[in-house]
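Remarks on the overall topology
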Amino acid sequence: MPERDPTPAPPVGRGPKVQAAVRAATLAELLEKGYAELTVDAVAQRAGVHKTTVYRRWTDRETLVVDALAEHFAAEIPVEDTGAVETDLHALARALVASMTGPVGAAVQAAMYSDAGRLPEIAEARRRLFADRFRRAEPLVRRAVDRGELPAGTDPVEVFEALAALIHFRLLVTAEPVDDALADRTARIVLAAARAGELVSPTARARATGDRPPSTDDQR
């Protein structure tokens, strides 16, 4: 790998332009060095800003990395409104595959599922990243329920977890091909399960049947 020019990048200005430059520099450092060796100083130098500029928006390395990844995946894994839940899910699954098999996706896996993944800050980063993905899946499910394509009470978290499960299993466990064919098959499986009511939240299911909603104590 070629050595990076130590000369700081030219100043990038203020506001959104600075934020974009810092996020891009964070991803570049993550790809080049991995999470363990990523520093705010190096990110600031690559972005062409002073490190105090970075700390004004991001309190530490963890929040910086999580924000950069969340913005990256929001752009790479858009939740499209195609007019039908079937094509929405296919588009989301294909975008997830493309993102996770790209350079940034590979770096994320290396950081989050290697020995570094045992670090508390990495575990928190992983939790926050998936929470952001769950939040972005909500409009897709809400639209499908409103159109009568999915049962009321379908849980966006359950839908995204089911969609991501086979993809991540192949990436992290079996090393089988992860491609558009897998994405399409996964989308069909998830759609069938959702239409059958298997991805309705426990609370919504209990309300529909008149049972007592599950409590935290029930799950212990």
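Structure first, text after, so check above.
What comes next concerns the included structure. Please read these numbers as outputs of a predicted model, since none were measured by experiment. Counting of residues starts from 1 at the beginning of each chain's written sequence and follows it residue by residue. Confidence filtering applies because this is a predicted model: local features only for residues at pLDDT of at least 70, side-chain atom pairs given and counted only at 80 or more, and all residues used for totals across whole chains, interfaces and linings. The basis for every side-chain value is the complete set of non-hydrogen atoms in the structure, without hydrogens or water.

Quick word on the environment of G153
Each helix is a run of DSSP H or I of at least 4 residues and each strand a run of E of at least 2, with the numbering of both proceeding from the N terminus. Tracing the chain through its elements places G153 in the loop between α7 (120-146) and α8 (156-174). Only protein chains enter the accessibility calculation, which uses a 1.4 Å probe. A residue is then buried if its area is under 20% of the maximum for its type, exposed if over 50%, and partly exposed in between. Here G153 falls in the partly exposed class, since its relative accessible area comes to 29%. Put simply, G153 and R142 are 11 residues apart on the chain and 9.2 Å apart in space, counted from C-alpha to C-alpha. When neighbours within four sequence positions are excluded, G153 is seen to be in contact with L199, V200, S201 and A204. By definition in these notes, contact holds between two residues if any of their heavy atoms fall within 4.5 Å.

Describing the packing of helix α5 (residues 85-100) against helix α9 (residues 180-195)
Where α5 meets α9, the closest approach of the two axes is 8 Å, and the angle between their N-to-C directions is 140 degrees. Accordingly, the angle class assigned to the pair α5 and α9 is oblique. Our pair here, α5 against α9, has a crossing hand that is right-handed. Where α5 approaches α9, its residues V85, E86, L89, H90, A93, R94 and V97 are matched on the opposing element by D180, A183, D184, A187, R188, L191 and R195. Only the contacting stretch of a helix is used when fitting its axis, a line to C-alpha atoms as for every element, and angles between N-to-C directions run 0 to 180 degrees. The scheme is simple: roughly parallel for angles under 35 degrees, roughly antiparallel for over 145, roughly perpendicular for 65 to 115, oblique for anything else. Here a crossing is called left-handed whenever its near helix is offset anticlockwise from the far helix by less than a right angle, and right-handed whenever the offset is clockwise.

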